[in-house]
Amino acid sequence: MGNHLDGDANGTASGDWVRDFVVLPVGGPLFGASTTYATGGGNPHGVTHADFNRDGKLDLAVANAGSANLGLLLGDGAGGFAATVTVASGGSGAGP
């Protein structure tokens, strides 16, 4: 059992005009139901994963170029994530 992370490259999954990430659980021959996570800002430009809070669970960080912030999604250890927490990045927010 694992997850597949896919960036929403052509719009938004939740209809709020903020780009989202969709995590699809993989189990057996078919995909399970997808879960949508907001990135916490506009124009997400990059994503990385690590155990940022050192709790032994995989977390995600999303660079939101249009909002000059980072969206942190802390892993719950069961393939999901807590609500996105945003942290100012100190950039201009102009994007690439």
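Our structure's up above, just so we're on the same page.
Residues numbered from 1 in each chain as written. Predicted model: local features only at pLDDT ≥ 70, side-chain atom pairs only at ≥ 80, totals over all residues. Heavy atoms only, no water.

Any chance you could explain a nonpolar patch on the surface here in plain terms?
On the surface, Leu70, Val85 and Val87 cluster together into a nonpolar patch covering about 210 Å² of accessible area. Position of Val87 among the secondary structure elements: in strand E8 (residues 85–88). (Patch = residues over 30% accessible without salt bridge, like charges linked within 9 Å, V, L, I, M, F, W, Y side chains within 5 Å. Areas by Shrake-Rupley, 256 points an atom, 1.4 Å probe, with all protein chains shown as cover. Salt bridge = Lys/Arg side-chain N within 4 Å of Asp/Glu carboxyl O. Helix = DSSP H or I, 4+ residues; strand = E, 2+ residues; numbered from the N terminus.)

I tried to follow the environment of His45 on my own but got confused; where do I start?
Position of His45 among the secondary structure elements: in strand E5 (residues 44–50). Through-space distance from the C-alpha of His45 to that of Val62 is 7.4 Å; in sequence the pair is 17 residues apart.

How do you make sense of the environment of Ala82 when you look at a structure like this?
Residue placement: Ala82 occurs in the loop between strand E7 (69–73) and E8. The class for Ala82 is partly exposed, based on a relative accessible area of 40%. Expressed as a C-alpha distance, the spacing of Ala82 and Asp59, which sit 23 residues apart in the sequence, is 9.5 Å. (Buried < 20%, exposed > 50% of the residue type's maximum accessible area, 1.4 Å probe, protein only.)

Please explain the sheet that holds E5 as it appears in this structure.
Strands in a sheet are paired, the pairing made by backbone hydrogen bonds, and the direction either parallel or antiparallel. Strand order in the open sheet made by the four strands is E5-E6-E7-E8, with antiparallel pairing throughout. A single partner strand is all that each edge strand has here, and the edge strands are E5 and E8. Pairs of neighbouring strands in the sheet enclose a mean axial angle of 25°, with direction left out of account. Bridging between E5 and strand E6 (residues 59–64) involves six bridges; their strand directions are antiparallel. (Pairing = 2+ DSSP bridges. Axes fitted to C-alpha atoms, helices over the stretch in contact; angles between N-to-C directions.)

Help me understand the packing of aromatic side chains in this model?
One pair of aromatic rings is described through two measures. These are the centre distance and the angle between the planes. In this structure the tally under the stated criterion is one aromatic pair. An angle of 90° between the planes, with centres 5.3 Å apart, marks the rings of Tyr37 and Phe81 as edge-to-face. Of this pair, Tyr37 sits in strand E4 (residues 35–38) while Phe81 sits in the loop between E7 and E8, and the two are 44 residues apart along the sequence. Accessibility assignment for this pair places Tyr37 and Phe81 in one class, buried. (Phe/Tyr/Trp six-rings, centres within 6.5 Å; stacked < 30°, edge-to-face > 60°.)

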